[in-house]
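If you want the building blocks of each chain, they are given just below.
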Amino acid sequence: MSSSDLKKGTLYLIPNTLGKTPENNTIPEYVLNIIRKLDVLIVENVQTAARYLQWVGDTVPEYEIEFLLLNKKTPVHEITSFLNPLKKGKDAGILSEAGCPVVADPGSELIKMAHDQSITVEPLVGPSSILLALMGSGFNGQQFTFHGYLPIDQNKRQGAIQKLEQQSKESGGTQIFMEAPHRNDEVVEDVVRYCNPNTRFCTATNLTLPGERIVSKKISAWRKSTGDSIHKEPTIFLLYAS
């Protein structure tokens, strides 16, 4: 490692909670201590980032923090400039809106650039709704695929669900996806309507939060009772067709 590399800062990948909790049950203390020393943060939204820092407590004062906005619309040349503080030896952090950074969130392009510039990237431990859902589902944890969001159009969503079911049947792997919370009940209805009775379906809602509930059963059982509405509640969906 050259002397110039030693002067560069570290890019920390900072997890967030999966929702508002009165007590800290998901973020290790050593991660909180790293957050407390950072004065360069790359975030999707300054207001929600500031609220998280207030929850963490004892951080650098907000007016002394350089917030850099990173979302799907951020141009590449601007993303490149986010590395400038790190090149000058300052540590910086990518802060997720919820859960782990980059997973179903922007940031991968910046991390790729950091690696190309020989900047140390350090992912920090925190809650991942995707892995927590997989753990709680009872489905295949040796082989799984996360597909992000399904199509909004109902006909396309129906086709996507049936395609995921077929992929699971052929590979034996668990298929994981998510949806905008206000469409959760529609997704449950579509899965229950279009999937094979022997296919297993799981909804993992409000993970790590008060009211957490994981429902995992065959489609045939779902058709007898879909349970309570999960409208507007953060949920991960899993399909497993063995």
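What comes next is a walk through the structure.

Basis of the calculations
- Within any chain, residue numbers begin from 1 and follow the written order of that chain's sequence.
- In keeping with the model being predicted, local features are shown solely for residues with a pLDDT of at least 70 and side-chain atom pairs are shown and tallied solely at 80 or more, while totals for entire chains, interfaces and linings include all residues.
- Only hydrogens and water are removed before side-chain values are computed, so all heavy atoms of the structure are retained for them.
- A run of H or I in DSSP counts as a helix once it spans at least four residues, and a run of E counts as a strand once it spans at least two, with each numbered from the N terminus.
- Exposure classes here rest on a 1.4 Å probe applied to the protein chains alone. A residue is buried below 20% of its type maximum, exposed above 50%, and partly exposed in between.
- Note on contacts: a residue pair qualifies if any of its non-hydrogen atoms lie within 4.5 Å across the two residues.
- Surface accessibility in these figures is a Shrake-Rupley result with a 1.4 Å probe; residues are shielded only by whichever protein chains are displayed.
- The charge count treats Lys and Arg as positive and Asp and Glu as negative. His and the chain ends do not count.
- All charge positions are set by atom: Lys at NZ, Arg at CZ, Asp at CG, Glu at CD.
- Within 6.5 Å between ring centres, the rings of Phe, Tyr and Trp (the latter by its six-membered ring) count as paired, and their orientation is classed by plane angle as stacked under 30 degrees, edge-to-face over 60, tilted in between.
- N or O atoms within 3.5 Å of each other form a polar contact, as long as, within protein, one can give a hydrogen and the other can take it, and as long as residues adjacent in sequence are counted only when both atoms are side-chain atoms.
- Whether two strands pair comes down to DSSP finding at least two bridges between them.
- To get an axis, a line is fitted to the C-alpha atoms, and for a helix only the part in contact is used. The angle between two axes follows their N-to-C directions and goes from 0 to 180 degrees.
- Any two cysteine sulfur atoms within 2.5 Å of one another count as a disulfide.

## Topic: the overall build of the protein chain
Consideration 1: Counting its secondary structure elements, the protein chain contains 10 helices and 10 strands.
Consideration 2: Relative to its full complement of 242 residues, the protein chain shows a buried share of 45%.
Consideration 3: Long-range contacts, defined as pairs at least 24 residues apart, comprise 75% of the intrachain contacts of the protein chain with a sequence gap of at least 6.
Consideration 4: As presented, the protein chain carries roughly 12500 Å² of accessible surface, and 49% of it is formed by carbon and sulfur atoms.
Consideration 5: Taking the average location of the 25 positive side-chain charges in the protein chain and that of its 27 negative ones, the two points are 6 Å from each other.

## With respect to the packing of aromatic side chains
Consideration 1: Applying the stated criterion across every chain, the model contains five aromatic pairs.
Consideration 2: On the basis of an interplanar angle of 15° and a centroid distance of 5.8 Å, the ring pair of Y52 and W55 is categorised as stacked. Separated by three residues within a single helix, Y52 and W55 lie in helix α3 (residues 46-56), roughly one turn from each other.
Consideration 3: Exposure remark for Y52: the relative accessible area of 4% places this residue in the buried category.
Consideration 4: On the basis of relative accessible area, W55 is assigned to the partly exposed category, the value being 30%.
Consideration 5: Look at F201 and F237: their rings are 6.1 Å apart centre to centre, the planes differ by 5°, and that puts the pair in the stacked class. Of this pair, F201 sits in strand β8 (residues 200-205) while F237 sits in strand β10 (residues 235-240), and the two are 36 residues apart along the sequence.

## Describing the side chain of T235
Consideration 1: Position of T235 among the secondary structure elements: in strand β10.
Consideration 2: Judged by relative accessible area, which is 6%, T235 ranks as buried.
Consideration 3: A polar contact of 3.4 Å, which involves the side chain of T235, links it to the side chain of N184.
Consideration 4: Within the local environment of T235, its side chain forms a polar contact with the backbone oxygen of E233, the two atoms lying 2.9 Å apart.
Consideration 5: Those residues in contact with T235 that sit more than four places away from it in its chain are M178, N184, T203, A204, T205 and I230.

## Overview of the sheet that holds strand β1 (residues 10-14)
Consideration 1: Taking strand neighbours across the sheet as the criterion, the five strands line up as β3-β2-β4-β1-β5 in an open arrangement whose pairing is parallel. Two strands bound the open sheet, and with one partner strand each, they are β3 (66-69) and β5 (120-123). Across the sheet, the axes of successive neighbouring strands diverge by a mean angle of 25°, strand direction being ignored.
Consideration 2: Relative to strand β4 (residues 92-95), strand β2 (residues 40-43) runs parallel, the two sharing two bridges. Directly across from I42, in β4, lies its bridge partner I94.
Consideration 3: Where helix α6 (residues 108-116) meets the sheet, it contacts β1, β2, β4 and β5, and its direction lies at approximately 155° from that of β1.

## Observations regarding helix α2 (residues 29-37)
Consideration 1: Buried within α2 we find V31, L32, I34, I35 and R36.
Consideration 2: Where α2 is buried, its residues touch β1 and α3.

## Points about the state of the cysteines
Consideration 1: Using the criterion set out here, one finds zero disulfides in the structure.
Consideration 2: Take C100: it sits in no disulfide, and the sulfur closest to it among the cysteines is that of C202, at 18 Å.
Consideration 3: On the basis of relative accessibility, which here comes to 19%, the residue C100 falls in the buried class.
Consideration 4: With no disulfide of its own, C195 has C202 as its nearest cysteine by sulfur position, at a separation of 13 Å.

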